[in-house]
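Listed below, chain by chain, are the residues.
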Amino acid sequence: MSVTTGATVRSEENLKVTRSRRNVAWTGLGALVVVVVLALFPYIVYSGTTAIMVQGLIVLTLASMWNLLAGYAGLVSVGQQAFFGLGAYFVLIPAMHGLSPFLALPIATVGAGVAAFPLWWLVSRLRLGYFAIATWVLAEAVALFIEQIQSIGGGTGMPLPGFAGMDPTLLAAYTYWAALVVAVLAIAAVYFLLRSRLGLVLTAIRDDETAARTSGVRVGLARLLVFVVAAAGCGAAGGVLAIDQLQVVPGTSGGVFSVQWTAIMAFATIIGGLGTIEGPILGTAVYMILEQTLQSYNAWYLIILGLVAIGIALFARRGLWGLVDDRFNIRLFPVGYYLWSPGERRGRQGRQGRQAKGAAGVAS
Amino acid sequence: MSTSANEAPAAQQGTPLLDVRDLIVHHGQLRALSGISLRVFPGEVYAIIGANGAGKSTLLRTIAGLHHPTEGSIVYDGKDVTGLRPEKRATAGIAMVPEGRRLFPSLTLEENLQVGATFARSGPWTIEKVYDLFPWMKERRRQKTSQMSGGEQQSVAIGRALVANPRVLLLDELSLGLAPVIMRRIYGMLPQILSSGVTVLLVEQDVSQALRVATHLQCLLEGHSTLEGRPADVTAAQVEAAYFGSAHPGGQPPGDPPHGGLLAPHAPSEGSEA
Amino acid sequence: MGWVNAIIQGILTGGLYALFACGLSLMFGVMKLVNLAHGDLAVVAAYIGIGVIAVIHIPFLWSVPIVVAIMAALGYVLQRSLFQSAINRGELTTLIVTFGLSIVIENGLLQFFTANSRGIGTGSSLISSSFSIGGLQIAWLDVVIFALAVVVLLSLQYFLSSSKYGRLIRAVADDREAAQLAGADYRHVFGIAAALAFCTVALAGIAYGMTTVVSPTTGTDTILLFAFAAVVIGGLGSLWGTLVGGIVLGVAQQIGAQINISYELLAGYIVFLAVLVIRPQGLTTRRSQS
């Protein structure tokens, strides 16, 4: 591909390639400040507010995972609720045997990640559309299977033991911090994953899968890794939900295995911006606003969310963050490359973070 | 070189049936055509020659409507069709036999022709007439075309385009993958096609074959026009130079305009290049 | 005797599942569109049927062509507008859009009709009765639906193989560009194919509403999943394969139910998973194929 610019290309020694435009240490510092402030919330605000934030943090975790899957690996999974629910159960079961649910969170994370392997094996060879439905079917199957097991509540669910006698405010604070830790770790994981070799591999696959394959890229392995990480993340979020709700209810309409969860994480990601790390953050904010304002009109916020997501998918593919990025050219979490000619103050941005066009097939 | 028996009518004045002006076409960021123009008059056999990657197929596809030019215009029968969808151009009378035949694999021979005839204009060509042109087709018409040889498939593809009764027939690399004797046989059909009132614009890698049938030709190199004129008016050396890009064998890097003496008077002016 | 009855029942149910599946298969075969809202649209058709009967008070049988016509028109419009825009932007967008549509439909139905399930009153005692053959109890309704499925498949096959638009649909499915060069507006052809698929979806929804009750979530809970399972089991690209797949699924479910009533769904899933592992013909291509 020829580089067509007005100017002639300068000699190579003068060009500089960096990961970000401005010193990313500033952004890192900013993120740290934000996290610290958030961590102080239980001391500052009422527990009602932190409860709402727990909801938001759960959705943020889920959305980041869905974004990783669909926006960077090109995998549209409509069955993430399987891992979400499994995570909840992987917190419930140890709790029923005496372990503190908080300590069970890592178990939930790992457990969901492990569960991803056999499920991947089942669906990995399917082409994109059927992959999506298959994940949905699998989620239903997992839910159905779990519901047969009476000892963990069967079809009706089971309360979460382990917090008897704990001070409610303290519990709320601990829950909040757990949710915060999970969300921060999730976003950090995605960020560092994408800056690593895996990120480069994913971009290559997204741009041209065939070329990547013939260059020796292990496409299947890369996607498997992403699938596992996303499953683990969703599992962790499910564990947090269990702690937050103090019960685990299966059931595919309203329970942890409900496809509504996938709908929420998918829509939040799409509205915020698919293929950018900042997108899920923005999208979660939009979701929370909608959910809070329309709370009493139960089904409405999903309808509106869905319609907006459809609209954005069709007309503003990079979502709300994409609009911001186009206008102001900001990257809070840079995962691409910038090219600087000597003396340039604003580097030219390489192609990064665009929505998964390659993996999805080029439109005619 | 000898001119073909099919000379275009000596009178080439009047309006061209196809008038392409200063076409600039991109594939993504790559510029495939840089300011190409051509004029095809009724009854002509206009040949576009050039090496691989010269942009010949891109040119034909753009005329057929499958590519959008970045700049330039296409005027067909006096009407600007630059923005017209491909199917509308087809029903207006521009039919293309695409590179690689592109028959419908799950359809039989006859069904392929029937599809071609679905939106046909009125005219002499019918499925029966195509069977007259290619007699072997009649008994094999219920066969799937994927089982046929390259030459047979090419005939079906031509038949599918003819059945629509076009005024301009675009032929993209007819000889591709065909043995020379088959190719000659196919090109031998041209007189009958022309006599029905069809004008032909073809793209051909095999230069000698093109020169045998063409009444007018243009040579492309890396998206630029390097030669234009009638076969009778150009020498073998000129063609070779235009094809390969320099006065010396081996060619020279693209981007610089070919050196003087090769450009025929009608060649378009060069625009700025990357 | 229960086993034979179960198998017969499974076969007949297979007809219903084939009805579920053929629309999904058709839309994928022609425009490479996996419609995640497929099942929900069938539920919409059922609700339209219920609504039409409630409002116009016509005999049930008369409502069927009305619902089919409405759905066919809806299919054409949806395809030309929403689906075509999504297709132009790639497979990822298509999935997102159809998934979004599914959620919107489901929650829309929930909002306006509540979560209560409804059934379509068939009104005719003939259909709601059953008959006996050699000790087996067979419901007329199941036989009628199976027959309907066969008729639909036959009609589809005939249409695709012998009619002008059937040929065009096959041609466009084979090679969109070549069809354009022949003068076919592929967007219109896609629309026709979608209308056709939506006809089957309408019939599927009505049929399902007749056998049991539908609720807003039935679309994904049941119809989409079974349709997909039938397609997987029967093999992609084959209309009659959806019948085979439907029958296998139905029989598996009934056998499972014979073993233990709560195993009915699970048995179906197991068969589906087994086929996915052993023989996913036609579903597996390199993912970057557009």
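Because the structure is predicted, anything quoted here is derived from the model rather than measured. Along each chain, numbering runs from 1 in the same order as the chain's sequence is written. Here chains are named by letter from A upward and ligands by number from 1 upward, in the order in which they appear as written. This being a predicted model, a pLDDT of at least 70 is required before a residue's local features are given, and a value of 80 or more before pairs of side-chain atoms are given or counted; all residues contribute to the totals for chains, interfaces and linings.

Time to look at the overall build of chain A. Of the regular secondary structure elements, chain A holds 14 helices and five strands. Of the contacts formed within chain A by residues at least 6 apart in sequence, a portion of 76% connects residues at least 24 apart. Strands here mean DSSP runs of E at least two residues long; helices mean DSSP runs of H or I at least four residues long; both are numbered from the N terminus. A residue pair is marked as a contact if its C-beta atoms, positioned from the backbone, fall within 7 Å.

Below, the discussion takes up the overall build of chain C. The secondary structure content of chain C amounts to eleven helices and two strands. We take the radius of gyration over the C-alpha atoms and set the globule estimate at 2.2 Å times the residue count to the 0.38 power. In terms of overall size, chain C behaves like a compact globule, its C-alpha atoms giving a radius of gyration of 19 Å where 290 residues would be expected to give roughly 19 Å. Expressed along its principal axes, the backbone C-alpha trace of chain C runs to roughly 60 × 50 × 40 Å. Here exposure depends only on C-beta density: within 10 Å of a residue's C-beta, 20 or more other C-beta atoms make it buried, 12 or fewer make it exposed, and intermediate numbers make it partly exposed, the C-beta atoms being placed from the backbone. The burial tally for chain C puts 57% of its 290 residues in the buried class. Considering only intrachain contacts with a sequence separation of at least 6, the fraction spanning at least 24 residues in chain C is 74%.

A word on the pairing of strand β7 (residues 168-172) of chain B. Residue and element names in this part refer to chain B. Buried residues dominate β7, accounting for five of its five residues. Alternating positions in β7 separate into two faces, Val-168, Leu-170 and Asp-172 on one and Leu-169 and Leu-171 on the other, with burial throughout. Note that strand β6 (residues 94-97) and β7 share four bridges and pair parallel. Counted as the bridge partner of Ile-94 is Val-168 from β7. Here, a strand pair is defined by DSSP locating no fewer than two bridges between the strands. Where β7 lies against strand β8 (residues 199-204), five bridges are found, and the strand directions are parallel. Across the sheet, Leu-171 pairs through a bridge with Leu-202, a residue of β8.

Within a sheet, adjacent strands bond to each other through the backbone by hydrogen bonds, running parallel or antiparallel. Here four strands make up an open sheet; going across it, the order is β2-β1-β4-β5 (chain B) and the pairing antiparallel. Here the strands that pair on one side only, and so sit at the sheet edges, are β2 (30-40) and β5 (79-80) of chain B.

This part covers the nonpolar core. Throughout this description, the term nonpolar core refers to a group of buried Ala, Val, Leu, Ile, Met, Phe, Trp, Tyr and Cys residues whose C-beta atoms join them within 7 Å. Counting residues in each nonpolar core, the largest one holds 293 residues, and the members touching the most others are Leu-62 of chain A, Leu-170 of chain B together with Phe-20, Ala-45, Ala-193 and Ala-230 of chain C. Looking at this core element by element, the count peaks at 18 residues for helix α8 (residues 186-211) of chain C.

Between N-to-C directions, angles span 0 to 180 degrees; the directions come from axes that are lines fitted to C-alpha atoms, helices contributing only their stretch in contact. Interhelical geometry of helix α3 (residues 109-118) of chain B versus helix α6 (residues 164-174) of chain C gives an angle of 105° and a closest axis separation of 10 Å. With respect to α6 of chain C, the axis of α3 of chain B lies roughly perpendicular. Listed contacts from α6 of chain C to Glu-111, Gln-114, Val-115 and Thr-118 of chain B of α3 of chain B are Lys-164, Arg-167, Leu-168 and Ala-171 of chain C. When residues are sorted by character, Ala, Val, Leu, Ile, Met, Phe, Trp, Tyr, Cys and Pro go into the nonpolar class, Asp, Glu, Lys and Arg into the charged class, and all the rest, Gly among them, into the polar class. When its residues are assigned to classes, the contact of α3 of chain B with α6 of chain C shows three nonpolar, two polar and three charged. The cut-offs work like this: below 35 degrees is roughly parallel, past 145 is roughly antiparallel, 65 to 115 is roughly perpendicular, and the gaps in between are oblique.

We now examine the interface of chain B and chain C. Each partner contributes to the interface: chain B provides 21 residues, whereas chain C provides 15 residues. Sorting the residues of the side of chain B that touches chain C by element identifies α2 (86-92) and α3 of chain B as the ones contributing at least two each. In terms of residues, the side of chain B that touches chain C owes the most to one element, α3 of chain B, which gives five residues. Per-class residue counts for the side of chain B that touches chain C are twelve nonpolar, five polar and four charged.

All names here are of chain B. Viewed as axis vectors pointing N to C, α3 and helix α5 (residues 150-162) meet at an angle of 30°, and their least axial separation amounts to 7 Å. With respect to α5, the element α3 is oriented roughly parallel. When you trace α3 past α5, the crossing you get is right-handed. Of the residues in α5, those touching α3 at Leu-109, Asn-112, Leu-113, Val-115 and Gly-116 are Val-156, Gly-159, Arg-160 and Ala-161. Here a crossing is called left-handed whenever its near helix is offset anticlockwise from the far helix by less than a right angle, and right-handed whenever the offset is clockwise.

Residues and elements named next belong to chain B. In terms of residue burial, strand β9 (residues 216-221) counts as a mostly covered element, since six of its six residues are buried. Of the two faces of β9, both are covered, the one formed by His-216, Gln-218 and Leu-220 as well as the one formed by Leu-217, Cys-219 and Leu-221. Pairing analysis gives five bridges linking strand β3 (residues 45-50) to β9, with the strands arranged parallel. Looking at β9, one finds that Ile-49 is bridged to Cys-219.

Here we take up the sheet that holds β7 of chain B. Residue and element names in this part refer to chain B. What the six strands build is an open sheet, ordered β6-β7-β8-β3-β9-β10; its pairing is mixed. Two strands bound the open sheet, and with one partner strand each, they are β6 and β10 (224-229). In this sheet, neighbouring strand axes are inclined to one another by 15° on average, regardless of whether the strands run parallel or antiparallel. Where helix α1 (residues 56-64) meets the sheet, its contacts fall on β3, β6, β7, β8 and β9, and the angle it forms with β7 comes to roughly 150°.

Our focus in this paragraph is unusual backbone geometry. All names here are of chain B. Not every positive phi belongs to a glycine, and Asp-77 is a case in point at roughly 55°. By the element assignment, Asp-77 lies in the loop between β4 (71-76) and β5. Residue classification places Asp-77 among the partly exposed residues on the basis of 16 C-beta atoms within 10 Å. The backbone of Arg-101 shows a phi angle near 70°, a positive value even though the residue is not glycine. By the element assignment, Arg-101 lies in the loop between β6 and α3.

Time to look at the confidence of the model for chain A. All names here are of chain A. How sure the predictor is of each residue is captured by pLDDT, a score from 0 to 100. The pLDDT averaged across chain A works out to 82; a share of 82% of its residues lies at or above 70. Low pLDDT (under 50) marks residues 1-10, which in the prediction has eleven contacts with non-local residues, meaning those over four places away or in another chain. Note on residues 350-364: pLDDT is under 50 here. Beyond four places in sequence and across chains, it has 53 contacts.

So, about the confidence of the model for chain C. Residue and element names in this part refer to chain C. Averaged over every residue, the pLDDT of chain C is 86; residues scoring 70 or more account for 91%. Throughout residues 282-290 the model reports pLDDT below 50, and contacts reaching past four residues in sequence, or to other chains, amount to 26 contacts. Predicted complex metrics record ipTM = 0.85 and pTM = 0.84.

Below, the discussion takes up the environment of Leu-154 of chain C. You can see Leu-154 of chain C is positioned in helix α5 (residues 140-162). Along the chain, Leu-154 of chain C and Ile-53 of chain C lie 101 residues apart, while their C-alpha atoms are 28 Å from each other.

What follows concerns the environment of Leu-190 of chain B. Inspection of the secondary structure puts Leu-190 of chain B in helix α7 (residues 190-195). Residues Leu-190 of chain B and Val-200 of chain B, spaced ten residues apart in sequence, show a C-alpha to C-alpha distance of 8.6 Å.

This part is about helix α3 (residues 47-72) of chain A. All names here are of chain A. The terminal C-alpha atoms of α3, which comprises 26 residues, lie 36 Å apart, in line with the 38 Å expected from a rise of 1.5 Å per residue. Where burial is concerned, most of α3 is hidden: 19 out of the 26 residues are buried. With its phi angle positive at about 70°, Gly-74 sits one or two positions after the end of α3. One fewer than the residue count of a helix, multiplied by 1.5 Å, yields its expected span.

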